[in-house]
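Overview (structure and organization)
Single-letter residue listing:
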Amino acid sequence: KNQVEQSPQSLIILEGKNCTLQCNYTVSPFSNLRWYKQDTGRGPVSLTIMTFSENTKSNGRYTATLDADTKQSSLHITASQLSDSASYICVVSAGAGNMLTFGGGTRLMVKP
Amino acid sequence: DGGITQSPKYLFRKEGQNVTLSCEQNLNHDAMYWYRQDPGQGLRLIYYSQIVNDFQKGDIAEGYSVSREKKESFPLTVTSAQKNPTAFYLCASKEGDLANYGYTFGSGTRLTVV
């Protein structure tokens, strides 16, 4: 069964600090891995997408890494801002139909 | 601006009622999807449609129905057969079949049974 596990479930950091969110997956055959940011009561917004051959992708202060051998990904947020407070969702696409398997998300709170 | 519009934002349903959630996109995307989101869980696929007049069941289709009469519209009906409908519902669209095409999500509808 395809699964995506994220850790931690929740995280509180001070404004200006860095943090790293983790994603482990057991999805086969792997197609790509995406990170989304979801504000409370809103739809997810794409941050990055990585294919099998890519091991890092940046989008501003967000940097995602992918280790396809160990089936792990991380999302690093640099110099956090209050607006980074949101849920971050790891999503893996698999198979010929490229169907998505969603992780449960990490809820990040950035405090002043 | 192009995007996906879901309405209403909040919806209350009495026991035994059917309700329909609207999803409209002006992105000219072929594929559209309905997901259900429960607290602490990943999004789960209800139904999807790759082309007009065709749709497929997702992982949790029981108690739900859809139609795709127009490319722009993919309404979801939550029927009385859905025993636990209280959740956040998200509609998404995708340009085509290629794996790396991005998904665009709507802002969601929060459905509550009263």
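Scroll up to find the structure.
Here's a quick rundown of the structure.

The rules behind each value
- Residues numbered from 1 in each chain as written.
- Chains lettered and ligands numbered in written order.
- Predicted model: local features only at pLDDT ≥ 70, side-chain atom pairs only at ≥ 80, totals over all residues.
- Heavy atoms only, no water.
- Contact = heavy atoms within 4.5 Å.
- Salt bridge = Lys/Arg side-chain N within 4 Å of Asp/Glu carboxyl O.
- Polar contact = N/O pair within 3.5 Å; in protein donor to acceptor, adjacent residues only side chain to side chain.
- Helix = DSSP H or I, 4+ residues; strand = E, 2+ residues; numbered from the N terminus.
- Nonpolar A, V, L, I, M, F, W, Y, C, P; charged D, E, K, R; others polar.
- Buried < 20%, exposed > 50% of the residue type's maximum accessible area, 1.4 Å probe, protein only.
- Pairing = 2+ DSSP bridges.
- Axes fitted to C-alpha atoms, helices over the stretch in contact; angles between N-to-C directions.

Here the focus is the interface of chain B and chain A. Taken together, the contact pairs 21 residues of chain B with 18 residues of chain A. Run the count over chain B and chain A and you get zero salt bridges. Linking chain B with chain A are three residue pairs in polar contact (both at pLDDT 80 or more), by the criterion used here. Within the residue set of the side of chain B that touches chain A, elements represented by two or more residues are β4 (31–37), β5 (44–51), β9 (87–94) and β10 (103–105) of chain B. Taken together, the residues of the side of chain B that touches chain A sort by class into 11 nonpolar, eight polar and two charged.

All names here are of chain B. For His29, the position within the fold is in the loop between β3 (19–25) and β4. Classification of His29 as buried rests on a relative accessible area of 9%. A polar contact is formed between the side chain of His29 and the side chain of Ser93, at a distance of 2.7 Å. Within the structure, His29 has its side chain in polar contact with the backbone nitrogen of Lys94 (distance 3.4 Å). Non-local contacts of His29, meaning those with residues more than four positions away in its chain, are made with Arg68, Lys71, Ser93, Lys94, Glu95 and Thr104.

The next thing to look at is the sheet that holds strand β3 (residues 19–26) of chain A. Residue and element names in this part refer to chain A. Pairing in this open sheet of five strands is antiparallel, and the strands run β1-β3-β8-β7-β6 from one edge to the other. What marks the edges here is a single partner per strand, and that holds for β1 (3–7) and β6 (56–59). Each strand of the sheet is rotated relative to its neighbour by a mean of 15 degrees, with strand direction disregarded.

Each neighbour pair has its own omega, and for Ser28(A) with Pro29(A) the value is -15 degrees, a cis peptide bond. Note that Pro29(A) resides in the loop between β3 and β4 (30–38). Between Ser7(B) and Pro8(B) the backbone carries a cis peptide bond, its omega angle lying at -5 degrees. Note that Pro8(B) resides in the loop between β1 (4–7) and β2 (10–13). Positive phi, close to 60 degrees, is recorded for Lys71(A), a residue that is not glycine. Here Lys71(A) is to be found in the loop between β7 (62–67) and β8 (72–77). Judged by its relative accessible area of 33%, Lys71(A) is partly exposed. Phi is positive for Asn28(B), which is not a glycine, with a value near 60 degrees. Within the secondary structure, Asn28(B) sits in the loop between β3 and β4.

Residue and element names in this part refer to chain B. Taken together, four strands build an open sheet; the order of strands is β1-β3-β8-β7 and the sheet is antiparallel. In the strand order of this sheet, the two ends are held by β1 and β7 (64–66), each with one partner. Each adjacent strand pair in this sheet contributes to an overall mean axis angle of 20 degrees, direction not counted. Taken together, the three bridges between β3 and strand β8 (residues 76–78) define a ladder with antiparallel strand orientation. Bridged to Leu21 within β8 is Leu76.

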